[in-house]
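What follows is each chain in one-letter form.
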Amino acid sequence: MTAGGTGAADENPGHDEVERLRAEVRDLRARVRTRPLIARAQGILQERYELSDGDSAFALMQQASQRFNVKLRMLADAVITVPRPDHGERLWFPRRVRHPEPPLSFVPGHGREPRNRGAVLSAVLSQTLAVVGTGMGNVQLADRVRGGLTLEKHTGLTEDFVDFFEHVSGEGTACAQAARDVAQVTVRDVETDPVFTEPARAAILEAGSRACHSVPLTTASGLCVGMVSAHAEHTLRGLTRAQLKVLDVVGAEAGRWLAWHDRTVVLNALEYLHALGSARRGTRMRRA
């Protein structure tokens, strides 16, 4: 700080404004990505329950989202991808079998209420970073509408990295390869590994990552439903067998929990939405 009490921000008065504008652009991009999905779900619900307008359909989703602590985007995704209820059925899933919440050895505590999905993903990321020994990483989940993987959680990574890897599909990244092969993938040196496309390589190096390790999150049947990746500031020699074994457990437990959450908590939210929509058929609803 100078004698007059000014700091680095005062020496570069345009810096804060640039950062503010970049944040606004990121927010707008996020809305552009999410809005079509929610709008599509609104149209489905408006037609299905003969609601007066799109706002009523949004209010319907909003109530179910808040009641079951399910993100609005996830609920919209389920409305679009889950087979619609039979006409006249009081229940959306009349023959559904409910299973108990699976254990998570790396998440402390467990009460009567289901664990929060966001907290579970944070624990998956924290455990993975602790095993690999780094502070940078992210969690991606399978995108049922677009295919590929969508970024859900991250820490220690730049906003440019988050923007670039918001959605990953096809080839050209370690996480895409791990998802395709349903196997852990170690990139010892990002700068030379042929798995990356050149734009992906540049984005990772720019974020300060020189190596990475990706772990698929898998169901009991071996389906990949997500990915957790750790990034290191230095090149890696490779992980030990003990480390790989711990990460296999993390990936298997997390994948089974996510599958349970989809077929239990998310379907509970849809069941509630269906009951409420059927009861309010043809009426107008207001957003909270």
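All of the points below concern the structure found in this document. Everything numeric in this text was worked out from a predicted model, so none of it was measured.

### Section: the overall build of the protein
Now for step 1: Of regular secondary structure, the protein possesses nine helices and six strands.
Now for step 2: For the protein, with 288 residues in total, the buried portion stands at 45%.
Now for step 3: Within the protein, contacts between residues separated by at least 24 positions form 63% of all contacts whose residues are at least 6 apart in sequence.
Now for step 4: Split by element, the accessible area of the protein, about 15300 Å² in all, is 51% carbon and sulfur.

### Overview of the pattern of salt bridges
Pairs may arise between side chains of opposite charge once their charged atoms sit close together.
Now for step 1: Counted by the stated rule, this structure contains 13 salt bridges.
Now for step 2: Among the ionic pairs, arginine 146 bridges to aspartate 143, the shortest N-O distance being 3.0 Å.

### Focus on the state of the cysteines
Now for step 1: Counting across every chain of the model gives zero disulfides.
Now for step 2: With no disulfide of its own, cysteine 175 lies 8.2 Å from the sulfur of cysteine 212, the closest cysteine sulfur.
Now for step 3: For cysteine 175, a relative accessible area of 8% puts it in the buried group.
Now for step 4: You can call cysteine 212 buried: its relative accessible area is 2%.

### Thoughts on the sheet that holds strand 6 (residues 224–232)
Now for step 1: Across the sheet, six strands lie side by side as 3-2-1-6-5-4; this open sheet has antiparallel pairing. This sheet does not close on itself; its edge strands, each paired only once, are strand 3 (167–168) and strand 4 (185–187).
Now for step 2: Pairing analysis gives six bridges linking strand 1 (residues 136–142) to strand 2 (residues 149–155), with the strands arranged antiparallel. Looking across to strand 2, one finds that glycine 137 is bridged to threonine 155.
Now for step 3: Strands strand 1, strand 5 (211–218) and strand 6 of the sheet are contacted by helix 9 (residues 241–279), whose axis makes an angle of about 45° with strand 5.

### Quick notes on the side chain of threonine 219
Now for step 1: One can find threonine 219 in the loop between strand 5 and strand 6.
Now for step 2: Note on threonine 219: relative accessible area 11%, which makes it buried.
Now for step 3: For threonine 219, the contacting residues outside a window of four places in its chain are Val225, Gly255, Arg256 and Ala259.

### With respect to the environment of valine 225
Now for step 1: Structurally, valine 225 is set in strand 6.
Now for step 2: Overall, valine 225 belongs to the buried group, its relative accessible area being 17%.
Now for step 3: The contact partners of valine 225, leaving out residues within four places of it in the chain, are Leu141, Ala142, Leu217, Thr219, Gly255 and Leu258.

### A look at the environment of alanine 59
Now for step 1: Checked against the element boundaries, alanine 59 lands in helix 3 (residues 54–68).
Now for step 2: With 229 residues separating them in the primary sequence, alanine 59 and alanine 288 have C-alpha atoms 7.0 Å apart.

### With respect to unusual backbone geometry
Now for step 1: Here glutamate 50, not a glycine, exhibits a phi torsion of approximately 50°, which is positive.
Now for step 2: For glutamate 50, the position within the fold is in the loop between helix 2 (14–48) and helix 3.
Now for step 3: Positive phi values are uncommon outside glycine, yet valine 182 reaches one of about 50°.
Now for step 4: Structurally, valine 182 is set in the loop between helix 7 (174–181) and strand 4.

### A look at helix 3
Note on helix geometry: an α-helix contains 3.6 residues per turn, so any two residues three or four positions apart are oriented the same way.
Now for step 1: The terminal C-alpha atoms of helix 3 lie 22 Å apart, and with 15 residues this matches the ideal 21 Å at 1.5 Å per residue to within 8%.
Now for step 2: Listed in full, the buried residues belonging to helix 3 are Ser56, Ala57, Phe58, Ala59, Leu60, Met61, Gln62, Ala64 and Ser65.
Now for step 3: N-cap assignment for helix 3: the residue whose side-chain oxygen lies 3.4 Å from the backbone N of aspartate 55 is aspartate 53.
Now for step 4: Phi turns positive one or two residues past the end of helix 3, at asparagine 69, with a value near 55°.

### Comments concerning the packing of aromatic side chains
Now for step 1: Considering all chains together, one arrives at five aromatic pairs under this definition.
Now for step 2: Consider the rings of tryptophan 92 and phenylalanine 93, whose centres lie 5.3 Å apart with planes at 5°: the pair is stacked. Accessibility classification places tryptophan 92 together with phenylalanine 93 in one group, the buried group.
Now for step 3: Taking the centre distance of 4.7 Å and the plane angle of 70° together, the rings of phenylalanine 164 and phenylalanine 165 count as edge-to-face.
Now for step 4: Members of the aromatic cluster, connected to one another through ring pairs, are Phe161, Phe164 and Phe165.
Now for step 5: The cationic tip of arginine 287 hangs over the ring face of phenylalanine 58; the distance from NZ or CZ to the ring centre is 3.9 Å.

Each value, and the rule that gives it
- Residues numbered from 1 in each chain as written.
- Predicted model: local features only at pLDDT ≥ 70, side-chain atom pairs only at ≥ 80, totals over all residues.
- Heavy atoms only, no water.
- Helix = DSSP H or I, 4+ residues; strand = E, 2+ residues; numbered from the N terminus.
- Buried < 20%, exposed > 50% of the residue type's maximum accessible area, 1.4 Å probe, protein only.
- Contact = heavy atoms within 4.5 Å.
- Areas by Shrake-Rupley, 256 points an atom, 1.4 Å probe, with all protein chains shown as cover.
- Salt bridge = Lys/Arg side-chain N within 4 Å of Asp/Glu carboxyl O.
- Disulfide = S-S within 2.5 Å.
- Pairing = 2+ DSSP bridges.
- Axes fitted to C-alpha atoms, helices over the stretch in contact; angles between N-to-C directions.
- Expected span 1.5 Å × (residues − 1).
- Polar contact = N/O pair within 3.5 Å; in protein donor to acceptor, adjacent residues only side chain to side chain.
- Phe/Tyr/Trp six-rings, centres within 6.5 Å; stacked < 30°, edge-to-face > 60°.
- Lys NZ or Arg CZ within 6 Å of the ring centre and 35° of its normal.

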